[in-house]
Amino acid sequence: MQQIVFLDTDTMAGADLSVLQIEGAALCCYPTTGAAEVSKRIHNASIVISNKVVLNAADLAAAPQLKLICIAATGTNNVDLAAATALGIQVCNVQDYALGAVPQHAMALLLALNNQIVLQQQAVLSGQWSQSPVFCLHQQPVQSLQGKIFTVVGYGGLGQATAQLAKAFGMQICLAERPDASSIRPGRVAFREALALADVVSLHCPAQANRPPLFGSEQLSWLKPSALLINTARGALIDEAALLLALQQGRLAGAALDVLTQEPPPADHPLLTGALPNLLLSPHIAWATRESMQLLVQQLAENILAYIAGSPVRTCNMIGSSR
């Protein structure tokens, strides 16, 4: 009988996992799994599901029955793909399950930041509106998004869907070329120029391991002081110390982040303790609408059934034969 082990079901926030009850397989679920627990928990597993639990070479080598790893996310950085491939372990991920959720959250962050929603509510609750001599409270400046330039960095499915929402607000879409590109594709704008033009920059690209952040001090300096930066992709794309300084010094009007380099962040993380009025943070939940999570779980089940049937889908590595 196949042994399926799900290492971090708490990341699914109550999604219905019954579809993972595969005939002829036993499902074992753990709410969370620490690094020291991985090896023991996957030792007898033939199929492992992990959202963010790291599966390194040593752990994989100690799981002789393991044939399939299903990543409950699109990014593959939590699995040693080279080691999995060498051991004949197929790795699959999930794809395009949050095409509605992430763009929705990106625009929610932009609207909240641009319209100063948090500060406006605080002003109301503190009694400032009640004390206003006129019917409205002109405290926080708000600008119209219509006609502004919305620069997209990373134009895959999520970038395209977010751009469509921005376009619905009357914004002009600017597609940034890759920063290391040797030529500019039709319809794209050179990376530095795209940043310089932007009123809003929205990130939808992967972070590359062992590379410096895509947005360091230099890249942030290319943005207008009036620009807003939205990140629903990966925390490692931004040098957080450089961002903090830019916000504090007024070299960037605002930023809204759903992701940080370390997650969960320590309580003393500078971006959490700075109390900056031009910074919004949400706890990596852009992907996590109920509908998106359920579609993700459905794709996990599809990946398992396809592998068992001998025709794996959404594969992340090429293997010659299973062990």
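Above: the structure in question.
Residues numbered from 1 in each chain as written. Predicted model: local features only at pLDDT ≥ 70, side-chain atom pairs only at ≥ 80, totals over all residues. Heavy atoms only, no water.

What follows concerns the overall build of the protein. A count of helices and strands for the protein gives 11 helices and 11 strands. Here the C-alpha coordinates of the protein stretch approximately 75 × 50 × 35 Å along the principal axes. Buried residues in the protein amount to 45% of all 323 residues. Across the protein, contacts joining residues at least 24 apart in sequence account for 62% of those joining residues at least 6 apart. Summed over its atoms, the accessible surface of the protein is roughly 15900 Å², and 55% of this surface lies on carbon and sulfur atoms. One finds the centroid of the 17 positive side-chain charges in the protein at a distance of 5 Å from the centroid of its 20 negative side-chain charges. (Helix = DSSP H or I, 4+ residues; strand = E, 2+ residues; numbered from the N terminus. Buried < 20%, exposed > 50% of the residue type's maximum accessible area, 1.4 Å probe, protein only. Contact = heavy atoms within 4.5 Å. Areas by Shrake-Rupley, 256 points an atom, 1.4 Å probe, with all protein chains shown as cover. Lys, Arg positive; Asp, Glu negative; His and termini not counted. Charge placed at Lys NZ, Arg CZ, Asp CG, Glu CD.)

Another point: unusual backbone geometry. The peptide bond linking Glu 263 to Pro 264 adopts the cis configuration, its omega dihedral lying at -5°. Its place among the elements puts Pro 264 in the loop between strand S10 (254–257) and helix H10 (270–273). Of note, His 284 is a non-glycine position whose phi angle comes to about 50°, a positive value. Along the polypeptide, His 284 turns up in the loop between strand S11 (279–281) and helix H11 (290–308).

The strand order S7-S6-S8-S9-S10-S11 describes an open sheet built from six strands, whose pairing is parallel. Looking at which strands have only one partner, the edges of the open sheet turn out to be strand S7 (172–175) and S11. On average, each strand axis in the sheet is inclined to that of its neighbour by 15°, with strand direction left out of account. Of the pairings in the sheet, the one linking strand S6 (residues 149–153) to strand S8 (residues 200–203) comprises four bridges and is parallel in character. (Pairing = 2+ DSSP bridges. Axes fitted to C-alpha atoms, helices over the stretch in contact; angles between N-to-C directions.)

Position of Met 171 relative to the elements: it lies in the loop between helix H6 (157–168) and S7. Classification of Met 171 as buried rests on a relative accessible area of 4%. Sequence separation between Met 171 and Gly 147 is 24 residues; the distance between their C-alpha atoms is 4.8 Å. In this structure Met 171 touches Leu 110, Leu 145, Gly 147, Lys 148, Ile 149, Phe 150, Ala 166 and Val 200, once residues within four positions along its chain are discounted.

We now examine the packing of aromatic side chains. Taken as a whole, this structure holds three aromatic pairs when the rule is applied. Arranged with centres 6.0 Å apart and planes meeting at 65°, the rings of Phe 191 and Phe 215 form a pair that is edge-to-face. Taken together, the positions of Phe 191 in helix H7 (residues 191–197) and Phe 215 in the loop between S8 and helix H8 (217–221) put the pair 24 residues apart, joining distant regions of the chain. For the pair Phe 191 and Phe 215, a shared accessibility class is recorded, and that class is buried. (Phe/Tyr/Trp six-rings, centres within 6.5 Å; stacked < 30°, edge-to-face > 60°.)

In this section: the environment of Val 152. Residue position: Val 152 is located in strand S6. When the C-alpha atoms of Val 152 and Ala 82 are compared, they prove to be 31 Å apart, with 70 residues separating the residues in sequence.

What follows concerns the nonpolar core. Residues Val 153, Val 201, Leu 203, Phe 215, Leu 229 and Leu 243 are the most contacted members of the largest nonpolar core, which totals 34 residues. Only S6, H7, S8, helix H9 (240–248) and S10 provide two or more residues apiece to this core. A total of five residues in this core trace back to one element, the largest contributor, which is H9. Not counting residues up to four positions away in its chain, the partners in contact with Leu 243 are Leu 220, Leu 229, Ile 238, Leu 252, Ala 255 and Leu 257. Ile 22, Tyr 97, Leu 300 and Ala 301 belong to the second largest nonpolar core, which has 28 residues in total. (Core = buried A, V, L, I, M, F, W, Y, C linked by side-chain atoms within 4.5 Å.)

Here we take up the environment of Gln 104. By the element assignment, Gln 104 lies in helix H4 (residues 101–114). Sequence separation between Gln 104 and Thr 162 is 58 residues, and the spatial gap between their C-alpha atoms is 7.4 Å. The residues contacting Gln 104, other than those within four sequence positions of it, are Leu 165 and Thr 289.

Our next topic: the side chain of Ser 282. With respect to the helices and strands, the residue Ser 282 is situated in the loop between S11 and H11. Among the polar contacts made by the side chain of Ser 282, one reaches the side chain of His 105 at a distance of 2.9 Å. A polar side-chain atom of Ser 282 sits 2.6 Å from a polar atom in the side chain of Asp 258. Among all residues touching Ser 282, those that are not within four sequence positions of it are His 105, Leu 109, Leu 257, Asp 258 and Val 259. (Polar contact = N/O pair within 3.5 Å; in protein donor to acceptor, adjacent residues only side chain to side chain.)

Helices that pack against each other are described as a pair by the angle of their axes relative to one another and the distance between those axes. In the contact formed by H4 and H6, the axes pass within 9 Å of each other and the chain directions differ by 45°. Taken as axis vectors, H4 and H6 run oblique relative to one another. As H4 runs across H6, the sense of the crossing is right-handed. Across the interface between the two elements, Val 102, Pro 103, Gln 104, Ala 106 and Met 107 of H4 pack against Leu 158, Ala 161, Thr 162, Leu 165 and Ala 166 of H6. (Parallel < 35°, antiparallel > 145°, perpendicular 65-115°, else oblique. Left-handed = near helix turned anticlockwise from the far one by under 90°.)

Turning to the sheet that holds strand S5 (residues 90–92), a few remarks are in order. Note on sheets: strands pair through backbone hydrogen bonds, and any given pair is parallel or antiparallel. Pairing is parallel across the open sheet formed by five strands, whose spatial order is S2-S1-S3-S4-S5. The open sheet has two edge strands, strand S2 (25–29) and S5, and neither has a second partner. Ignoring strand direction, the axes of neighbouring strands in this sheet form an average angle of 15°. Where strand S3 (residues 47–50) and strand S4 (residues 68–71) come together, four bridges link them in parallel fashion.

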